[in-house]
Amino acid sequence: MSAAVAERPAPASPPSPARRRTGRRRLLGLLKHVLLTGLALTMIYPLIWLVVSSFRPGETIFRDPALSLQGLTLENYGNGWTALGSPFSAYLWNSALLVFGTIVGNLFSCSLAAYAFARLRFRGRRTLFAIMLGTIMLPIHVLIVPQYVLFSELHMLNTFLPLVLPKFLATDAFFVFLMVQFIRSLPRELDEAARIDGAGHPRIFLQVILPLMVPALATTAIFTFIGTWNDFFGQLIYLTREENWTAPLALRTFLDAQSVSNYGGMFAMSVVSLLPLFLMFLVGQRWLLRGIATTGIK
C-alpha cells in the first residue's frame, strides 16, 4: 500500500502569474499583428486592383472586382502610350520639368527664409513668423482667384511660371517652418566659431548651416516632388494647351462623358505615372525618416 502511494504522480503546479501575463501579451500581440495586416491589405487593395486591371482587356475590367490573373495582356500599355495627341512620354517630361523647378525654388527660398527666422535678429521677426504660420491655414481656393488675375495680367498663362515662380518666393510656409525647427536644433557655437574666423551670414549659411541641413532639405524635396507630381487643380487652372499638359492632366483626357472612355489605357498610364513616385520614395526613404525624426521634436 505504501509503495502504491509513493508511485502516485505529484499534482501539476498552476502556472505562475508572470507566465499567464506573458501568454496574454503574446496573444494580444498576435491579434494586433493580424488586425494591422488585414487593415494594410484593405488599404492597398485599390492599388493592387489598379495594377492588375491595367493588364486586363478593357471590356473585362469592371466585370470582376477580384484580383483575377486570367487573360492578362500588355495591350493597354501600348494603346495608352499613344492614345493621345502626343506620346505619354511628353506629358511625363512636362511633369519632370515642373517638379524640378518647384524643388529648386523651395530649396533655395525656404532655406534662406528659415535661416533668417532662426538666426537673424530683426524687428518684427516673431510677428512675421506668426503671420507666415497663419498662411498654412489658408485654403488654395481663397488664393487661386487673385493669383490667376495677377498671372493673367503678367501674360504668364499656359506656361510653367505661375506654378514655379511662387516657389522662389518661399510661399510654402510648412517647409519654412520645418527648416526653422531644424536650424534651431543646431548649436549656436558653430556660428560663433565661424564669426571668430571672420565669416559673415552668407558664409555661415553656405558653409556651416546648409551642409548640416541635408535631412531637412531632402524631406522638403521629397514632399515637393510628391505634391507637385500629383497636383491636378493648379495645373488644370494654368495649363490649358495640350503641349503644356502634365501627366495628371493627360490622364483626365482618357475619360470622355460623350464617348467611350479608355479605362484600360488610363489604368496603364496611371501605373506608369506612379512609378516615379514609388522610386522617389524608395530612394529617399532614409532621408525622409531622418528629416522627420530630427525636426520639430527637440
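First things first, this report covers the structure right here in the doc. (Residues numbered from 1 in each chain as written. Predicted model: local features only at pLDDT ≥ 70, side-chain atom pairs only at ≥ 80, totals over all residues. Heavy atoms only, no water.)

Focus: a nonpolar patch on the surface
Here's step 1: A contiguous nonpolar surface patch, about 560 Å² in accessible area, is contributed by L41, M43, I44, Y45, I48 and L67.
Here's step 2: Within the secondary structure, M43 sits in helix α2 (residues 17-53). (Patch = residues over 30% accessible without salt bridge, like charges linked within 9 Å, V, L, I, M, F, W, Y side chains within 5 Å. Areas by Shrake-Rupley, 256 points an atom, 1.4 Å probe, with all protein chains shown as cover. Salt bridge = Lys/Arg side-chain N within 4 Å of Asp/Glu carboxyl O. Helix = DSSP H or I, 4+ residues; strand = E, 2+ residues; numbered from the N terminus.)

Remarks on the layout of surface pockets
Empty space left among the atoms is revealed by rolling a probe the size of a water molecule over them.
Here's step 1: In this structure, the largest pocket spans a volume of roughly 1,100 Å³.
Here's step 2: Along the walls of the largest pocket sit 32 residues, with I140, Q147, K167, T171 and D172 positioned nearest its centre.
Here's step 3: Within the residue set of the lining of the largest pocket, elements represented by two or more residues are α4 (88-119), α6 (140-153), α7 (161-164), α8 (173-184), α11 (214-230) and α12 (233-238).
Here's step 4: Looking at the second largest pocket, its volume works out to about 190 Å³.
Here's step 5: As for the second largest pocket, its lining consists of L47, V51, V271, L274, L275, L277, F278 and F281.
Here's step 6: Counting residues per element, the ones that place at least two in the lining of the second largest pocket are α2 and α14 (263-293).
Here's step 7: Ranked by residues supplied to the lining of the second largest pocket, first place goes to α14 with 6 residues. (1 Å grid on protein atoms, 1.4 Å probe; cavity = no way out; pocket = protein on both sides within 12 Å on 5 of 7 lines; lining within 4 Å. Points joined across faces, edges and corners; volume = space filled by probe spheres on them.)

As for the packing of aromatic side chains
Here's step 1: Applying the stated rule across the entire model yields 15 aromatic pairs.
Here's step 2: For the ring pair F129 and F177, a centre distance of 6.4 Å and an interplane angle of 35° mean the geometry is tilted. With F129 in helix α5 (residues 125-134) and F177 in helix α8, this pair connects stretches of sequence that are 48 residues apart.
Here's step 3: What makes F177 partly exposed here is its relative accessible area of 29%.
Here's step 4: On the basis of an interplanar angle of 90° and a centroid distance of 5.9 Å, the ring pair of F151 and Y238 is categorised as edge-to-face. With a gap of 87 residues between them, F151 in helix α6 and Y238 in helix α12 connect regions that are remote in the sequence. (Phe/Tyr/Trp six-rings, centres within 6.5 Å; stacked < 30°, edge-to-face > 60°. Buried < 20%, exposed > 50% of the residue type's maximum accessible area, 1.4 Å probe, protein only.)

Section: the packing of α4 against α8
Here's step 1: Between α4 and α8, the shortest axis-to-axis distance is 8 Å and the interhelical angle comes to 50°. Judged by the inter-axis angle, α4 sits oblique to α8. The hand of the α4/α8 crossing is right-handed. For the pair α4 and α8, the contacting residues are N106, L107, C110, S111, A113, A114, Y115, F117, A118 and R119 in the first and F175, V176, M179, V180, I183 and R184 in the second.
Here's step 2: Each residue belonging to the contact of α4 with α8 can be placed in one class, and the counts come to 12 nonpolar, 2 polar and 2 charged. (Axes fitted to C-alpha atoms, helices over the stretch in contact; angles between N-to-C directions. Parallel < 35°, antiparallel > 145°, perpendicular 65-115°, else oblique. Left-handed = near helix turned anticlockwise from the far one by under 90°. Contact = heavy atoms within 4.5 Å. Nonpolar A, V, L, I, M, F, W, Y, C, P; charged D, E, K, R; others polar.)

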